[in-house]
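# Overview (structure and organization)
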Amino acid sequence: MSISPSSLFVHSFQSLGAVDGPGLRYVIFLQGCPYRCPYCHNPDTKPFVGGTEYSVTALCDRVERYKTYFGESGCHTTRGGVTVSGGEPLMQRAALAEFFAECHRRGISTCLDTAGMEPDDGVRAVLAHTDTVLCDIKHTDAEFCRTVFGTSLSATRSFLSACGDAGCEVWVRHVVVPGMTDGEEHIRALGVIAADYKHVKKIELLPFKKLCVEKYQKLGVPFALAETEECPKETIERLRAILGI
Ligand code: SF4
């Protein structure tokens with residue numbers, strides 16, 4: 001994938017999702033992710049090859065067609081809007097910053113769904129035009145993050161600080177996997193991390209599901225958690241109670 005700063009490589013679109021940020025949102029899944037979450041529900045977005053190239057203008061035009069569904073926020077942007085997910089959207093941060101800036105010029109609210117990364121000038125340029133960040137904290141143990149997910153907890157923490165500096169509202173997200181991320185101490189630690197950032201407005205616990213199994217079969221790639229049970233609703237309720245959410 002050769003990335004032009006004014007174009008984005010898109011894996012797919014979802015019209016008017018209700019679970020990816022405030023209000024109704026047009027969701028864009030970008031191609032390419034360097035991480036290796038064992039539960040990844042979008043394994044086909046991971047390769048840095050493929051995807052369809054869209055110019056920033058073409059992508060904004062596409063989103064703008066849905067603007068009447070986004071609702072009014074009472075300020076200069078809509079309540080709903082566009083969410084960019086992945087893959088890891090920050091891997092295309094130069095064009096993403098341009099895209100979000102253009103969305104703001106057109107009065108469309110922007111939301112970034114990311115695992116975060118060490119903030120550089122490109123990341124800060126994206127955050128300057130981001131209203132809401134959905135930040136996925138993979139695990140509360142730094143070594144586990146590094147060895148299992150390929151992420152850095154300290155980078156995620158630096159990213160969360162940068163979100164605050166940029167004035168973004170943050171929703172922390174966490175996937176609850178039986179036997180991996182469903183321990184009560186672990187969830188308490190998640191709450192402690194989130195409480196360090198006053199701009200974190202919400203914590204969402206997402207139950208591990210196996211809806212992606214067919215995708216793995218089609219790709220001919222083994223699914224690391226094939227033998228793991230889905231996370232029951234009762235577990236989520238119990239862990240939510242621990243966090244008081
Ligand atoms: S960050 Fe998202 S796309 Fe990347 S491996 Fe994890 S779940 Fe999959």
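## So, the overall build of the protein
Looking only at helices and strands, the protein has eight helices and eight strands in total. The C-alpha atoms of the protein give 17 Å as radius of gyration, which agrees with the globular expectation for 245 residues (18 Å, within 12%). A total of 245 residues make up the protein; the buried ones form 50% of that total. Contacts spanning at least 24 positions in sequence make up 69% of the contacts within the protein whose residues lie at least 6 apart.

## As for the site of the ligand
In the neighbourhood of the ligand, the contacting residues comprise Cys 33, Tyr 35, Cys 37, Cys 40, Thr 45, Lys 46, Gly 87 and Lys 138. Counted by class, the shell around the ligand contains four nonpolar, two polar and two charged residues.

## Brief notes about the pattern of salt bridges
Tallying each qualifying case throughout the model produces 16 salt bridges. The salt bridge partner of Asp 20 is Arg 173, with a shortest N-O separation of 3.7 Å. With a gap of 153 residues between them, Asp 20 in the loop between strand S1 (7-17) and strand S2 (25-30) and Arg 173 in strand S7 (residues 169-176) connect regions that are remote in the sequence. Among the residues examined, Asp 20 registers a relative accessible area of 12% and is labelled buried. We classify Arg 173 as buried; its relative accessible area is 8%.

## Digging into unusual backbone geometry
Cis rather than trans, the peptide bond between Gly 86 and Gly 87 has omega equal to 10 degrees. Relative to the elements of secondary structure, Gly 87 occurs in the loop between strand S4 (81-85) and helix H2 (93-105). Positive phi, normally seen in glycine, also occurs at Leu 16, with a value near 55 degrees. When you line up the elements, Leu 16 lands in strand S1. Overall, the relative accessible area of 26% leaves Leu 16 in the partly exposed class.

## Describing the packing of aromatic side chains
The description of two aromatic rings rests on the distance between their centres and on the angle between their planes. Inspection of the entire model under this criterion finds nine aromatic pairs. Judged by centre distance (5.3 Å) and plane angle (85 degrees), the rings of Phe 13 and Tyr 54 are edge-to-face. A residue pair is termed long-range when its members are at least 10 positions apart, and Phe 13 in strand S1 and Tyr 54 in strand S3 (residues 52-55) qualify at 41 residues. Residue classification places Phe 13 among the partly exposed positions, given a relative accessible area of 23%. Put simply, the rings of Phe 13, Tyr 26, Tyr 54, Tyr 66 and Tyr 69 pair up and form one aromatic cluster.

## Remarks on the packing of helix H1 (residues 56-64) against H2
Between two packed helices, the angle of one axis relative to the other and the distance separating the axes together describe the packing. Two numbers describe how H1 lies on H2: the axes approach to 10 Å, and their chain directions differ by 40 degrees. The pairing of H1 with H2 is recorded here as oblique in orientation. Here the hand of the crossing between H1 and H2 comes out right-handed. Contact residues: Val 56, Leu 59, Cys 60 and Val 63 in H1; Ala 95, Glu 98, Phe 99, Glu 102 and Cys 103 in H2. For the contact of H1 with H2, the residue count by class is seven nonpolar, no polar and two charged.

Analysis parameters
Residues numbered from 1 in each chain as written. Predicted model: local features only at pLDDT ≥ 70, side-chain atom pairs only at ≥ 80, totals over all residues. Heavy atoms only, no water. Helix = DSSP H or I, 4+ residues; strand = E, 2+ residues; numbered from the N terminus. Rg over C-alpha atoms; globule rule 2.2 N^0.38 Å. Buried < 20%, exposed > 50% of the residue type's maximum accessible area, 1.4 Å probe, protein only. Contact = heavy atoms within 4.5 Å. Near = heavy atom within 4 Å. Nonpolar A, V, L, I, M, F, W, Y, C, P; charged D, E, K, R; others polar. Salt bridge = Lys/Arg side-chain N within 4 Å of Asp/Glu carboxyl O. Phe/Tyr/Trp six-rings, centres within 6.5 Å; stacked < 30°, edge-to-face > 60°. Axes fitted to C-alpha atoms, helices over the stretch in contact; angles between N-to-C directions. Parallel < 35°, antiparallel > 145°, perpendicular 65-115°, else oblique. Left-handed = near helix turned anticlockwise from the far one by under 90°.

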